[in-house]
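A structural walkthrough
Okay, here's what each chain looks like letter by letter:
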Amino acid sequence: MSDPKKSRNRTEWEDSTLSESLDRFPERNVDFSTVSSLPIERLYTPEDLGPDWNYDEKLGYPGEYPYTRGIHPTMHRGRLWTMRQFAGFGSAQQTNERFKYLLSQGQTGLSVAFDLPTLMGRDSDDELAQGEVGKEGVAIDSLADMEVLFDGIPLDKVSTSMTINAPAAVIFCMYLAVAEKQGVPIEKLSGTLQNDILKEYIAQKEWIYPPRPHMRLITDLMGFCTDNVPKWNSISISGYHIREAGSTAVQELAFTLADGIGYVEAGIEAGQDVDAFAPRLSYFFNSHNDFFEEICKMRAARRIWAKTMKEKFGAKNPRSWMLRFHTQTAGCSLTAQQPYNNIVRVTVQALAAILGGTQSLHTNSLDETLALPSENAVTIALRTQQILAEESGVTNTVDPLAGSYFVESLTDKMEADAMAYINRIAEMGGIIPAIEAGFPQKEIADASYKYQQQIDGAEKSVVGVNRHTMEHELGERPEILRIGEEVEREQLARLQQMKSERDEAQVQRDLETLRKAAETDENLMPLMLQAVRNYATVQEISFALVPVFGTYREVSVL
Amino acid sequence: MNEQRRLRLLVGKVGLDGHDRGAKIIARAFRDAGFEVIYTGLHQSPDQVVNTAIQEDVDAVSLSILSGAHMHLFGKVIELLRERDSGDIKVFGGGIIPEEDIPRLKELGVVELFTPGATTEDVISWVRENIHPRAV
C-alpha cells in the first residue's frame, strides 16, 4: 500500500529516477544527521510540511507575532547586528586598552569578560583565587577597578554587556556607580547583564548561593531595572554555556527557554507585572557547525517564546513576546590542530547566526583553543563579521531561508522536540526542581559523552583531528596572549591600597545593613549600590549574604 | 598469574574553573575502561585534591584545567603530594595548555598532558601503559 503522505509524483520519482540512480550511484556511506545526531532526510518537499501547514500561523511577517521570521520588520536592512567581541584579561587597565582598540576598529558595543575569581564572587586575595587572577578575564575587586575599566569610555554612548552571574547584582551596582561618577543618569544606560544563574547550575558552574535564594536577587534586580534603568537588559538567558557543556542543539533550545520560563514565573511570583519586566529579558545562543540546525534553532526559539509569553503568561505587550538574542560562535567546535581552519568554521557559524536573525554577535578568534585571543586574532574575527555584513549580500533581505521545505520542517521538528523537554520540566515542577534533581545536567552529560565517542570513532568529522590530519603545522603557530604573573601581584597591591584608603567603619555598617535587609523582603539593590559606592569589594558584598542565603554545593552527575 | 588490583584514578577539577565537560567525559571513559574512578567535583583547592587522593589511596591524579592557571595549580598539587610523602602518586592531566608550557609542567613533575584533540582512547591506552597500581 502506498504512503498517503507522499504525492504520486514523489512516489514515482522514488520508484523511477531515484531508484535507478541509487542502483548506479549509491549514496555515500555516512550518517546523514546533524552535529546533534538529528536525522536528516534525503529530500524535503511540500508533503513534509503537511496539508495543515499555514504561513500566517507558522511564520507571519517579520516584526509580528510569532516572529519566526525575525523581530524587526526590516531586520538587517534597517540595522546591522551589534558587533560585540567579548574581551577581558589581566588588569582593568589592560582591558580598558583592548576596549578602546576594539571601538577604534569599528566595534559597536562592549562585552566584558571577568576572571574566575570575580565570576565566583571572590576577591583577588582569596585563597582560591591564587594563580587565577586576570587569567580568564579581567580582575575586578571593587569600584576602584571598575573606574579604571571604563576610564575614557562614555557610558551614555556605548552599550555594554557584562558576562557575570553569581555576583551580577554587585558588578551591576559598580557599573551604575561608574556612570554616576561620569555624570551619566542611570536611566540612560543601555546594555546587558548576563545574570542567568539557572544555567550556572546546569552548565557553567560558577555559583555562590543555592538556586531558590538566588532567584530573589534576580527578581530584585529585574524590579530595580524596571524602575530605574529601563533600557537595561536585566537577564541574558544563555544557551551558550549549555551547548559548550556538550548539549545537543535541541537541548540548548529547550533548557534555555525553560530557564526563561523560570525567570518569568519568579517575576510574576514576586508580584511584578509581566509586561513591565519581560521586554528586558534577552537571550544568548551558541552557533555551532551544523548550519541549518542552528538557523532552525533560532527561528524555533522565537516562535516558542512568542507563544509561551502570549498564551502561557498572558503578556499583552508585543515586546514581551519578542525573543531578542546575542550569538557567539561555538568555542567548543574549534580545534588546536591547524588553527587557521578555525577562521572558516567561525565564518560558517557567524553566517548561520545572521541568517537566524541575531541582534548581536561575537565571533571567536582562531586561537581560542590555545589561550585568550591575541589582538591579531580578534581583529580577524571582527573582520569576519564585517565581510559578512558588507560584502556577502546576506543582509539584503529578511529571513531568506523561509519557505524552504527543509528549513521549515527542521524548524517545526526542533520546536516539537524542545517543547517535549519543556513540558517534561514543567511536570517536574519547573526548572528549579529539575536542576535540583540533576535532570538537565544528566541529559547534557550523556549527550557530550556520546558526541565524544562519535568523534573518537570518527563517526562525526572534525577536520584536522580525525580527518585530514597533518604531521606538521599548517602555517605559523599563532602568537599567544600571555598573562604575566605580575598581574596578580599588582592586583593584590591595588586591593590592599584601596582597602587602606576607604572608610572601613562605613563599609562594615553597609554590609551589616545589607545582611539584615536580606532577612526581609526589601529590594537589596539600593543597599548594594550604597556599599559599592563606599568601595566594599565583590567578595565582601557577596559573602555578606551567605549567612542568610547559604552556599551551593553540587551533587556531581557523571 | 597474580591478579592485579584495578587501577584507582582520581579525576579532579582544581581551582575555580567550572569547565567540567572534559573531566566528566574522561571520568566516564575511565570507568567504562574498567578503572576505579573518584571524581572530586568542582572548585577544589589543591589541598582538598591531595587529601582526597591520599584518603582514597589512588594510583594517579588527573587534573583538567582550562582556566590558564595550570602552572600554579599543577605545581601546587605536586608540591603538596611530595610534602605528604605521596610523591609516588603520579600526576597527569589535560586542558587548554599552550604547547610552550608543556616542558615546564613536565619539569615540575607532571608525567603527561593531553591537549584538545586527544581522544579518550589515547588517554586510556596511555594510562594502561604508564600507570600501575602502587605498592601498598
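Conventions used here
Residues numbered from 1 in each chain as written. Chains lettered and ligands numbered in written order. Predicted model: local features only at pLDDT ≥ 70, side-chain atom pairs only at ≥ 80, totals over all residues. Heavy atoms only, no water. Helix = DSSP H or I, 4+ residues; strand = E, 2+ residues; numbered from the N terminus. Rg over C-alpha atoms; globule rule 2.2 N^0.38 Å. Buried < 20%, exposed > 50% of the residue type's maximum accessible area, 1.4 Å probe, protein only. Contact = heavy atoms within 4.5 Å. Lys, Arg positive; Asp, Glu negative; His and termini not counted. Charge placed at Lys NZ, Arg CZ, Asp CG, Glu CD. Phe/Tyr/Trp six-rings, centres within 6.5 Å; stacked < 30°, edge-to-face > 60°. Lys NZ or Arg CZ within 6 Å of the ring centre and 35° of its normal. Core = buried A, V, L, I, M, F, W, Y, C linked by side-chain atoms within 4.5 Å. Buried area = accessible area lost by both parts, 1.4 Å probe. Salt bridge = Lys/Arg side-chain N within 4 Å of Asp/Glu carboxyl O. Polar contact = N/O pair within 3.5 Å; in protein donor to acceptor, adjacent residues only side chain to side chain. Nonpolar A, V, L, I, M, F, W, Y, C, P; charged D, E, K, R; others polar. Right-handed = clockwise from strand over helix to strand, strands pointing away.

**What about the overall build of chain B?**
Looking only at helices and strands, chain B has 5 helices and 5 strands in total. Taken against the 2.2 N^0.38 rule, which gives 14 Å for 136 residues, the C-alpha radius of gyration of chain B at 14 Å falls within 12% of a compact globule. Summarising its shape, the C-alpha atoms of chain B cover approximately 45 × 35 × 25 Å along the three principal directions. Of all 136 residues assigned to chain B, the portion counted as buried reaches 57%. For chain B, restricting intrachain contacts to residue pairs at least 6 apart in sequence, the fraction spanning at least 24 positions comes to 71%. Side-chain charges of chain B comprise 16 positive and 21 negative groups, with the mean position of each set lying 4 Å from the other.

**What about the packing of aromatic side chains?**
Residue and element names in this part refer to chain A. Throughout the structure, instances matching the rule amount to 24 aromatic pairs over all chains. The interplanar angle of 85° and the centroid separation of 5.1 Å between the aromatic rings of Phe-150 and Tyr-175 together place this pair among those described as edge-to-face. Here Phe-150, found in the loop between helix H6 (143–149) and strand E4 (160–163), pairs with Tyr-175, found in helix H7 (residues 168–182); they are 25 residues apart in sequence, far enough to count as distant. Each member of the pair Phe-150 and Tyr-175 is classed as buried. Among the aromatic residues, those joined into a cluster by ring pairs are Phe-99, Phe-150, Phe-172, Tyr-175 and Trp-232. Stacked on the ring of Tyr-65, the Lys or Arg Lys-310 has its end atom at 4.2 Å from the ring centre. Residue placement shows Lys-310 over the ring face of Trp-321; its charged tip is 5.0 Å from the ring centre.

**So, the nonpolar core**
As a rule of thumb, nonpolar side chains are buried together in soluble globular proteins. Ranked by internal contacts, the top residues of the largest apolar core, which has 165 residues, are A:Met146, A:Phe150, A:Met162, A:Phe172, A:Leu189, B:Phe30 and B:Val127. Examining the composition of this core, we find that 12 residues originate from one element, H7(A), more than from any other. If we ignore the near neighbours within four places in the chain, the residues touching A:Met162 are A:Val112, A:Phe114, A:Met146, A:Ile171, A:Tyr175, A:Thr192, A:Leu193, A:Gln194 and A:Trp232. Membership of the second largest hydrophobic core comes to 25 residues, among which are B:Ile38, B:Leu63, B:Ile65 and B:Ala69.

**Here we look at the interface of chain B and chain A**
At the interface, 38 residues of chain B touch 45 residues of chain A. Between chain B and chain A, roughly 3300 Å² of surface is buried when both sides are summed, and carbon and sulfur atoms account for 53% of that area. On the chain B side of the interface with chain A, the three residues burying the most area are B:Leu16, B:Arg21 and B:Arg28, jointly 25% of the side's total. On inspection of chain B and its partner chain A, the count reaches 5 salt bridges. Between B:Glu100 and A:Arg482 there is a salt bridge, with the nearest N and O atoms lying 3.9 Å from each other. Summed over the shared surface of chain B and chain A, the result is 11 residue pairs in polar contact (both at pLDDT 80 or more). Secondary structure elements with two or more residues in the side of chain B that touches chain A: helix H1 (21–32), helix H3 (70–83) and helix H5 (120–130) of chain B. The dominant element in the side of chain B that touches chain A, judged by the number of residues it contributes, is H1(B), at 8 residues. Of the residues in the side of chain B that touches chain A, the class split is 13 nonpolar, 14 polar and 11 charged.

**So, the pairing of E4(A)**
Burial along E4(A) is two-sided: the residues A:Thr160 and A:Met162 and A:Ser161 and A:Thr163 are all buried. As a crossover connection, the stretch from E4(A) through H7(A) into strand E5 (residues 191–193) of chain A is right-handed.

**Observations regarding unusual backbone geometry**
Of all residues except glycine, most have a negative phi; of all peptide bonds, most are trans. All names here are of chain A. Here the bond from Tyr-65 into Pro-66 is cis, since omega is 0°, no more than 30 degrees from zero. Tracing the chain through its elements places Pro-66 in the loop between helix H3 (55–58) and strand E1 (82–83). We note that Asp-399 has phi near 45°; this positive angle belongs to a residue other than glycine. Within the secondary structure, Asp-399 sits in the loop between helix H16 (375–390) and helix H17 (405–427).

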